[in-house]
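Below, each chain spelled out in residue letters.
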Amino acid sequence: MLKIGVLGAGHLGKIHLRLLQQSEKYELVGFYDENLENGAKIAAEFGYKQFETIAKLIHAVDVIDIVTPTLSHYKCAKVSIKSGKHVFIEKPISTTVEEAEEIIALAKEYNIKGQVGHVERFNPAFIATKNMIENPMFIETHRLAEFNPRGTDVPVVLDLMIHDIDAILSVVKSKVKSINASGVSVISDTPDIANARIEFENGCVANLTASRISMKNMRKSRFFQKDAYISVDFLEKKCEVVKMKDAPEVPGDFDIILQNAEGVKKQIYFSNPDVEQNNAILDELESFADAINNNTTPVVTLEQATEALRVAYQIINCFKK
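All figures in this text were calculated on a predicted structure; none of them were measured in a lab.

Rules of the game
Residues numbered from 1 in each chain as written. Predicted model: local features only at pLDDT ≥ 70, side-chain atom pairs only at ≥ 80, totals over all residues. Heavy atoms only, no water. Pairing = 2+ DSSP bridges. Helix = DSSP H or I, 4+ residues; strand = E, 2+ residues; numbered from the N terminus. Axes fitted to C-alpha atoms, helices over the stretch in contact; angles between N-to-C directions. Buried < 20%, exposed > 50% of the residue type's maximum accessible area, 1.4 Å probe, protein only. Polar contact = N/O pair within 3.5 Å; in protein donor to acceptor, adjacent residues only side chain to side chain. Contact = heavy atoms within 4.5 Å. Core = buried A, V, L, I, M, F, W, Y, C linked by side-chain atoms within 4.5 Å.

Q: Account for the sheet that holds strand S7 (residues 176-184), with residues named and values stated.
A: Taken together, the 9 strands give an open sheet; going across it, the order is S7-S8-S9-S6-S10-S11-S12-S14-S13, and neighbouring strands pair in mixed fashion. Each edge of the sheet is formed by a strand with only one pairing partner; in this case those strands are S7 and strand S13 (256-259). Each strand of the sheet is rotated relative to its neighbour by a mean of 15 degrees, with strand direction disregarded. Looking at chain direction, S13 and strand S14 (residues 265-271) are connected through 4 bridges and run antiparallel.

Pasting the structure below:
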């Protein structure tokens with residue numbers, strides 16, 4: 001079992017602490033939170049060991065789980081890596097692309113592993129369909145959330161849309177060619193609602209919408225490719241696949257047949273792949289333990305997270321124009 005310590009005991013940090021205590025792949029050594037008073041309350045309530053300094057916690061573990069506000073990710077990662085510790089960093093990897101690139105360079109220099117918490121990669125509905133998403137040419141995503149003051153210190157692109165950016169980059173095997181986007185600040189100082197159109201070199205187009213001032217929550221993505229349409233509901237953890245194949249000579253009574261202008265007939269059939277329910281946060285943390293123990297590549301690498309951040313900033317820069 002790998003010894004792990006958590007930096008940051010806010011809303012998400014407390015979830016990480018609880019899951020790591022349950023994990024069979026980690027030994028939870030303790031945590032450090034900048035707010036020592038808040039940390040003392042959590043230690044008293046749940047029995048986790050509270051460390052007085054970051055340095056003492058880092059010294060006591062093999063792995064550091066960074067669940068602090070984004071502004072401090074770089075600082076925490078830097079000191080952890082220089083101490084020779086593997087790092088799990090909550091998304092986004094850091095505040096700037098330059099910081100992210102330095103984290104990558106340090107990880108290589110000190111020969112440590114790093115993974116970033118793009119948790120939707122572990123969403124069971126996405127896992128159930130990922131192998132079916134082969135060469136999507138049009139992608140549409142909607143990530144809408146009711147207003148929550150937590151997270152409004154960053155643009156909605158870094159807060160919400162980055163989940164979909166990362167998922168899209170993981171299935172489109174092509175480089176980004178161009179980006180157009182617009183964003184509107186309604187209640188915060190930074191955009192609360194944003195729409196982006198990403199064009200890839202292979203012709204794929206992705207249309208992304210994110211809002212944190214919606215009346216209801218929604219997290220849906222739709223992937224269109226030759227002879228198939230794949231719908232993933234990240235919130236409800238459901239998926240649907242609609243496929244087309246050449247129609248049989250003699251269709252059955254209940255077969256759905258389409259005929260185009262050229263007279264080509266296609267049969268449509270629906271499937272709902274089995275979705276195995278899981279705890280995505282626990283799975284991502286434990287997959288990192290496997291990567292360390294087996295010396296394999298983490299599921300969400302520092303490089304992939306940096307690419308998602310780079311695209312996010314290209315979108316944000318479109319707003320400024």
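Past the structure itself, the notes keep going.
Q: Quick rundown of the side chain of Ser 211? Include the residues and the values.
A: Structurally, Ser 211 is set in strand S9 (residues 205-211). Relative accessible area serves as the criterion here: at 3%, Ser 211 is assigned to the buried category. From its side chain, Ser 211 meets the backbone nitrogen of Ile 213 in a polar contact 3.1 Å long. Leaving out residues up to four positions away in the same chain, Ser 211 has contacts with Arg 143, Leu 144, Ala 145, Val 156, Leu 160, Asp 192 and Ile 193.

Q: Which residues make up the nonpolar core, and what values go with them?
A: Tyr 26, Ile 93, Val 157, Met 161, Ile 165 and Ile 315 are the most contacted members of the largest nonpolar core, which has 92 residues in total. When sequence neighbours within four positions are dropped, the list of residues in contact with Ile 165 reads Val 157, Leu 208, Ala 308, Val 311, Ala 312 and Ile 315.

Q: Report on the sheet that holds strand S3 (residues 63-66), specifying residues and quantitative values.
A: Taken in spatial order, the 5 strands of this open sheet run S2-S1-S3-S4-S5, and their pairing is parallel. Strand pairing shows two members of the sheet lacking a second neighbour, strand S2 (26-32) and strand S5 (114-117), which therefore form its edges. On average, each strand axis in the sheet is tilted by 20 degrees relative to the strand beside it, whichever way the strands run. The sheet contacts of helix H1 (residues 11-22) involve strand S1 (2-7), S2, S3 and strand S4 (86-90), and relative to S2 the element is tilted by about 150 degrees.

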